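Residue-level listing of the chains:
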Amino acid sequence: MLENAWTIPLFPLVAFFLLLFGRKSWGEKAAAWVGSLAAFASLAVSAGVLAERLSGAENSLLSFSWLTLGETVIRFGIEVDPLNALMLLIVSLISFLVHVYSYGYMKGDGRVPVFYAYLSLFTFSMLGLVVSANLLQLYIFWELVGVCSFLLIGFWYFKPEAKQAAKKAFVVTRIGDIGLFLALLLAFWYTGSLELGPIFAAVEAGQVPAEMVTLIAVLIFVGAIGKSGQFPLHTWLPDAMEGPTPVSALIHAATMVAAGVYLVARTFPLFEASPVALDTVAYVGAFTAIFAASIGLVQNDIKRVLAYSTVSQLGYMMLALGSAGYAAGAFHLMTHAFFKALLFLAAGAVIVALHHQQDIRKMGGLWSTHPGIGWLFLIGCLAISGIPPFSGFFSKDEVLASAWMDGRPGVFAVGVVAAFFTAFYMFRLFFLVFTGSFRGEGNRGSVPKSMLWPMGILAVPAVAAGFVEYPTPFFSRWLTEGTGLAAEAGGTVPLWLPVLATLASLAGVALAWAMYVKRVLPADDLTKPIPWGYRLLKNKYFIDEIYAKGVVLPYRWLGAFLRGFDRFVVSGLVRFSAGIFRTVGRIGSAIQNGQAQTYALVSLVGLVLLIIGLTAGRLFG
Amino acid sequence: MISMNGEFIAFFLLSVMAIAGAVFMINFTRVVHMILALAFTFLGIAGIFVTLNAEFLAVVQVLIYTGAVSILMLFGIMLTRHRDETRDGGRPWHAFLCFLGVGGFFALLMRIIYGSPFNGETAKTETFSVSGLGESVFKQYVIPFEVTSILLLVALVGAIILAKKERS
Amino acid sequence: MPVSSYLALGAILFCVGLYGVLTKRNAVMVLFSIELMLNAANINLVAFSKYGLYANQTGQVFTLFTITVAAAEAAVGIAILFALYRNRSTAEADRFQSLKG
């Protein structure tokens, strides 16, 4: 099966072309079938590949030479090691489920085939990204997923917010992409190769100066910051929620935004070689985790809460990776993909049931009419909050353990507080949406079956995925096998650590319960003493405004200046030179007016000039 | 050196007369006045011929130009014009450029005339005579003379054909 | 009397004639101006026949020929003008624009 791994990305690619050319003639159903079948084919092969990997097959590397630049050959290939195999399964599984789910969600949209075409293209790009064996190939797919993200966020381009959000996502992630590109160039400059293996070997052998390793690693991390919505480039991700909800689940929760984490994990030997880079990753991750979680506390749009939650959880993964917790980061990536996709799909179901109402202040009491969705949402909340025995508990525990064992108590503390926040805002969401009485207007519609059963499937790993690591750390051993990376932090994790984390989460849940169900502690009482604090959170720390004033505005000025320069100086020159010739032409045509006297005048002037020219030396010399 | 002798005085008066006639011809607006001014110029030129000891030419000049050609032109005017006045102006750029071009040409001519040494001597004007002229024309230049007569004939025929009213 | 004076007179008359040729609207006046230019040339010929390097009467012979040709030219010119006037019913030089491509 491993040797057939190259077929995995091809199914969605074929589906993409079929859908692209058939978008005019195919109906919704046919499009959904084509996209879903392709995704299912990928899922089947991925599952086979993962099974083979699990039974202990060797790493496989399939590549052919693509470009020859002088001495260097740039290869194009696919590699399957444990991390790739895991990512393949996650991506194809969630992609397949989202394909199925979209049929219900996008019903009656009118551009369903195009939507499926974009989804297929994204699936192809993402699968290509995770099997890439070299940095250049990875970069190509990295940009491709960015394009798909842009297309899908802006899918409802007739909404101005969606258009703005798509542009913002594209531009902001590009800032990070530049970092990745520089890293790629530097790596090539110092090691002469773009293949991951040779680069790692060169770094290990000390061929690259230490500060350069740091620089390359940090630049790679800059790319990851852009893609994974880490601070300070996180602003695009909440806005990306303007896209259709299945897109949010697939791209902006489970897969593409995890690509940054995946990239850091994939190039982890580089980070390991540079303590500075590791510190950077850990601190940025920790800061993002608490920062985004605190914003999530007060948001009122169901999808935005989830978006900030995603940013926060991605920060968790970065935090783990920065604390040398390679396996912990990947583990949390996996569990997060499951439960966050579940949460988003459930949120989408809620939105459909309420006829595209997204404001949680106008929801409530949904448990009575939609208990199925309620259960699924609850599972997601419990998982993300880290309540045992749900999957999130185990992965979050590993993340916090790696921070603690790596000797970063500060980061650890931030992680615990962020866990408290997470539990609070998730259950705030849950209580506001599902308990109490309905605060909106209109009736509550039903949710199609095709949306429900993908959620049901997702709920299984969301509940149980944690047990791959418990009671024996099977997962991390398998993942780090043959990579030379530590499977788990050295030493034994203190017993109080999971207890503390669980207590923090339970405290969050309890607080949310007290505030939004029992109402013993109304939210207003909390915000009254510090109104500015609430405003600060509500406005997302004014980061967007700061960017608008500090970055966008100067660029606008520069743009205006350059436009003026172009308008008046460059075009002026162009018009001037054009004017010269036009004037010459006009004079020429004026002379050719058919009057003999004008012709005689011209010949007289010519004669005078001729005589002067011929005799100038003798006449005036 | 220019000495104040009779030839100078005669030359001065006659050239003033010729130039004045020419300038008036350019500036007058009534066509008949123009023709008169031109006749005046031709007379002045005839006088210049006399000072240059070319009396026969002077007579010919008066006969042909002042007489025949001016009258011919008068006929031309009368037969082609309905109005008496010429319609000049309206082309200031053209006039200005013409002035510049002609002025430049004139400056060039003057520069050449006064910048060149003319070393010739005055001819023996006592040998100039009408009979000498006749001998030159009819002996030495008899072939050009005959060709000119053919030219005149052709011109005559051509002028008649051109001016004849076409039968529609 | 230096020959230059006669030449200058010729040049002046020639230039006045040239100006007339270039600016006059009336085609008859253009013919006039051409006659003036021919006369200016004649002055030169006659002046050289008296003050030239090999001064003799031949210059006057050529003036005779010039006058003859000028007379023929005037006759043909007027005839052409008549023909044009019949076709276009105008004698103004700037109305004749058929040279325009």
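Scroll up for the structure.
Residues numbered from 1 in each chain as written. Chains lettered and ligands numbered in written order. Predicted model: local features only at pLDDT ≥ 70, side-chain atom pairs only at ≥ 80, totals over all residues. Heavy atoms only, no water.

Q: Honestly, the overall build of chain C in this entry has me stumped. Any pointers?
A: Within chain C, the secondary structure is distributed over three helices and zero strands. Along the chain direction, N to C, the helices and strands of chain C fall in the order α-α-α. The buried share of chain C, reckoned over its 101 residues, is 65%. Sequence separation of at least 24 residues holds for 56% of the intrachain contacts in chain C that already meet a minimum separation of 6. Counting every atom, chain C has about 3,300 Å² of accessible surface; 65% of that belongs to carbon and sulfur. (Helix = DSSP H or I, 4+ residues; strand = E, 2+ residues; numbered from the N terminus. Buried < 20%, exposed > 50% of the residue type's maximum accessible area, 1.4 Å probe, protein only. Contact = heavy atoms within 4.5 Å. Areas by Shrake-Rupley, 256 points an atom, 1.4 Å probe, with all protein chains shown as cover.)

Q: Just to check I follow, could you spell out the overall build of chain A for this structure?
A: Helix and strand content of chain A: 26 helices and two strands. Taken across its 621 residues, chain A has 56% of its residues classed as buried. In chain A, of all internal contacts separated by at least 6 residues, the share reaching a separation of at least 24 is 80%. With the model as given, the accessible surface of chain A reaches about 25,400 Å², and the carbon-plus-sulfur share is 69%.

Q: Is there a simple way to explain the interface of chain C and chain B in this structure?
A: A common way to report how large an interface is uses the accessible area buried once the components associate. Across the boundary between the two partners, chain C contributes 72 residues, which contact 84 residues of chain B. Broken down residue by residue, the surface that chain C buries against chain B is led by Arg-25, Phe-32 and Lys-50 of chain C, which jointly contribute 10%. Residue Glu-7 of chain B is joined to Lys-50 of chain C by a salt bridge in which the shortest nitrogen-to-oxygen separation is 3.7 Å. The leading source of residues in the side of chain C that touches chain B is helix α3 (residues 58-88) of chain C, at 23 residues. (Buried area = accessible area lost by both parts, 1.4 Å probe. Salt bridge = Lys/Arg side-chain N within 4 Å of Asp/Glu carboxyl O.)

Q: Just to check I follow, could you spell out the pattern of salt bridges for this structure?
A: Note on pairing: side chains with opposite charge can pair once their charged atoms come close. Residues and elements named next belong to chain A. Per the counting criterion, the structure on display carries 12 salt bridges over all chains. Note that Glu-79 and Arg-266 form a salt bridge whose closest N and O atoms lie 2.8 Å from each other. Taken as a pair, Glu-79 in strand β2 (residues 72-80) and Arg-266 in helix α11 (residues 258-266) lie far apart in primary sequence, 187 residues in all. Like Glu-79, the residue Arg-266 is buried in the burial classification. Notably, a salt bridge pairs Asp-239 with Arg-304, separated by 3.2 Å at the nearest N-O pair. One end of the pair, Asp-239, is in helix α9 (residues 236-239); the other, Arg-304, is in helix α14 (residues 302-322), with 65 residues separating them in the sequence. Within the structure, one salt-bridge network assembled from shared partners comprises Lys-159, Lys-168, Asp-239, Glu-242, Arg-304 and Asp-544.

Q: Please clarify how the interface of chain C and chain A should be interpreted in this entry.
A: Contact with chain C, which involves 13 residues of that partner, is made by 10 residues of chain A. With both sides pooled, the region where chain C packs onto chain A buries about 840 Å², and carbon together with sulfur makes up 58% of that total. Where chain C packs against chain A, one counts zero salt bridges. The tally of links from chain C across to chain A stands at two residue pairs in polar contact (both at pLDDT 80 or more). Considering every element that reaches the side of chain C that touches chain A, the biggest residue donor is helix α1 (residues 3-23) of chain C, with four residues. (Polar contact = N/O pair within 3.5 Å; in protein donor to acceptor, adjacent residues only side chain to side chain.)

Q: Could you clarify how one ought to interpret the nonpolar core in this entry?
A: One broad trend across soluble globular proteins is that nonpolar side chains are buried collectively. In terms of nonpolar packing, the biggest core is built from 191 residues, with Ile-94 and Phe-271 of chain A touching the most fellow members. The element best represented in this core is helix α15 (residues 326-353) of chain A, accounting for 20 residues. Formed jointly, this core draws a minimum of three residues from each of two domains, domain 1 (1-133) and domain 2 (165-481 + 494-529) of chain A. Apart from residues no more than four positions distant in its own chain, Ile-94 of chain A is found in contact with Leu-250, Ala-254, Ala-337, Phe-338, Ala-341 and Leu-458 of chain A. Grouped together as the second largest cluster of nonpolar side chains are 58 residues, Leu-7, Leu-9, Val-16 and Ile-67 of chain C included. (Core = buried A, V, L, I, M, F, W, Y, C linked by side-chain atoms within 4.5 Å. Domains from an automatic or database assignment.)

Q: When you look at a nonpolar patch on the surface in this model, what are you seeing that I'm missing?
A: Residue and element names in this part refer to chain A. A cluster of nonpolar side chains, Val-551, Val-552, Tyr-555, Leu-558, Phe-561, Leu-562, Phe-565, Phe-568, Val-569, Val-570, Leu-573 and Val-574, forms an exposed patch at the surface whose accessible area comes to about 1,200 Å². Secondary-structure assignment places Leu-558 in helix α25 (residues 543-591). Assessed through its relative accessible area of 42%, Leu-558 is described here as partly exposed. (Patch = residues over 30% accessible without salt bridge, like charges linked within 9 Å, V, L, I, M, F, W, Y side chains within 5 Å.)

Q: For this particular structure, what's the right way to read helix α19 (residues 409-434) of chain A?
A: One turn of the α-helix equals 3.6 residues, which is why residues spaced by three or four share an orientation. Residues and elements named next belong to chain A. The terminal C-alpha atoms of α19 lie 37 Å apart, and with 26 residues this matches the ideal 38 Å at 1.5 Å per residue to within 8%. Of all the 26 residues making up α19, 20 are buried; the element is thus mostly covered by neighbouring parts of the structure. Positive phi appears at Gly-436, one or two residues downstream of α19, with a value of about 75°. (Expected span 1.5 Å × (residues − 1).)

Q: Would you mind going over the packing of helix α18 (residues 391-405) of chain A against α19 of chain A with me for this structure?
A: All names here are of chain A. At a closest axis distance of 7 Å, the pairing of α18 and α19 adopts a crossing angle of 155°. Considering their axes alone, α18 and α19 lie roughly antiparallel with respect to each other. For the pair α18 and α19, the contacting residues are Lys-396, Leu-400, Ala-403 and Trp-404 in the first and Pro-409, Val-411, Phe-412, Gly-415, Val-416, Ala-419 and Thr-422 in the second. (Axes fitted to C-alpha atoms, helices over the stretch in contact; angles between N-to-C directions. Parallel < 35°, antiparallel > 145°, perpendicular 65-115°, else oblique.)

Q: I keep staring at the environment of Thr-7 of chain A and nothing clicks. Help me out?
A: Residue and element names in this part refer to chain A. Secondary-structure assignment places Thr-7 in the segment before α1 (10-21). Owing to a relative accessible area of 17%, Thr-7 belongs among the buried residues under this scheme. Here the alpha-carbon distance between Thr-7 and Val-45, two residues 38 residues apart in the chain, equals 7.9 Å.

Q: Explain the packing of helix α17 (residues 371-385) of chain A against α18 of chain A to me, please; I cannot follow it from the model alone.
A: To describe two helices that pack against each other, one gives the angle between their axes and the distance between the axes. Residue and element names in this part refer to chain A. Direction vectors running N to C along α17 and α18 enclose 15°, while the axes themselves pass 6 Å from each other. What the angle tells us is that α17 and α18 run roughly parallel. α17 and α18 meet at a crossing whose hand is right-handed. Across the interface between the two elements, Ala-383, Ile-384 and Ser-385 from α17 touch Ser-391, Gly-392, Phe-393 and Lys-396 from α18. Within the contact of α17 with α18, the residues separate by chemical class into three nonpolar, three polar and one charged. (Left-handed = near helix turned anticlockwise from the far one by under 90°. Nonpolar A, V, L, I, M, F, W, Y, C, P; charged D, E, K, R; others polar.)

Q: How should I be thinking about the pairing of strand β1 (residues 60-69) of chain A in this particular structure?
A: Residue and element names in this part refer to chain A. Sheet topology places β1 next to β2; nine bridges connect them, and they run antiparallel. Bridge pairing links Leu-61 to Glu-79 in β2. Counted between consecutive antiparallel strands, the loop separating β1 from β2 contains two residues, among which Gly-70 sits at a positive phi close to 60°. (Pairing = 2+ DSSP bridges.)

Q: I would appreciate a short explanation of the environment of Ser-129 of chain B in the present structure.
A: Residues and elements named next belong to chain B. Along the chain, Ser-129 turns up in the loop between α4 (92-115) and α5 (130-140). Its relative accessible area of 28% is what places Ser-129 among the partly exposed residues. The spatial distance from the C-alpha of Ser-129 to the C-alpha of Phe-56 is 8.4 Å, given a sequence separation of 73 residues. In terms of polar contacts, Ser-129 uses its side chain to reach the backbone amide nitrogen of Gly-132, at 3.0 Å.

Q: Would you mind going over the packing of aromatic side chains with me for this structure?
A: Centre-to-centre distance and the angle between the planes together describe a pair of aromatic rings. Residue and element names in this part refer to chain A. According to the stated counting rule, one finds 45 aromatic pairs over all chains in the structure shown. Residues Phe-287 and Phe-291 carry aromatic rings whose centres are separated by 5.3 Å and whose planes lie at 25° to one another, so their mutual orientation is stacked. Of this pair, Phe-287 and Phe-291 both sit in helix α13 (residues 275-296), four residues apart, roughly one helical turn. Taken together, a centroid distance of 5.3 Å and an interplanar angle of 40° make the contact between Phe-331 and Phe-475 tilted. (Phe/Tyr/Trp six-rings, centres within 6.5 Å; stacked < 30°, edge-to-face > 60°.)

Q: Is there a simple way to think about unusual backbone geometry in this case?
A: Negative phi is the rule for most residues except glycine; trans is the rule for most peptide bonds. All names here are of chain A. Omega for the bond connecting Phe-231 with Pro-232 falls within 30 degrees of zero, at 5°, which places this linkage in the cis form. One can find Pro-232 in the loop between α8 (210-228) and α9. Residues Pro-388 and Pro-389 are joined by a peptide bond in cis, for which omega reads 0°. Along the chain, Pro-389 falls in the loop between α17 and α18.

Q: Explain empty space enclosed by the protein to me, please; I cannot follow it from the model alone.
A: Space left empty within the atom packing is revealed by a probe, the size of a water molecule, rolled over the atoms. Residues and elements named next belong to chain A. By the definition in use, this model includes three cavities of 30 Å³ or more. Taken as a whole, the largest cavity holds about 50 Å³ of empty space. Contributing to the lining of the largest cavity are His-234, Thr-235, Pro-238, Asp-239, Arg-304, Tyr-308, Lys-540, Ile-543 and Asp-544. Elements that contribute at least two residues to the lining of the largest cavity include exactly α9, α14 and α25. Tallied by class, residues from the lining of the largest cavity come to three nonpolar, two polar and four charged. (1 Å grid on protein atoms, 1.4 Å probe; cavity = no way out; pocket = protein on both sides within 12 Å on 5 of 7 lines; lining within 4 Å. Points joined across faces, edges and corners; volume = space filled by probe spheres on them.)

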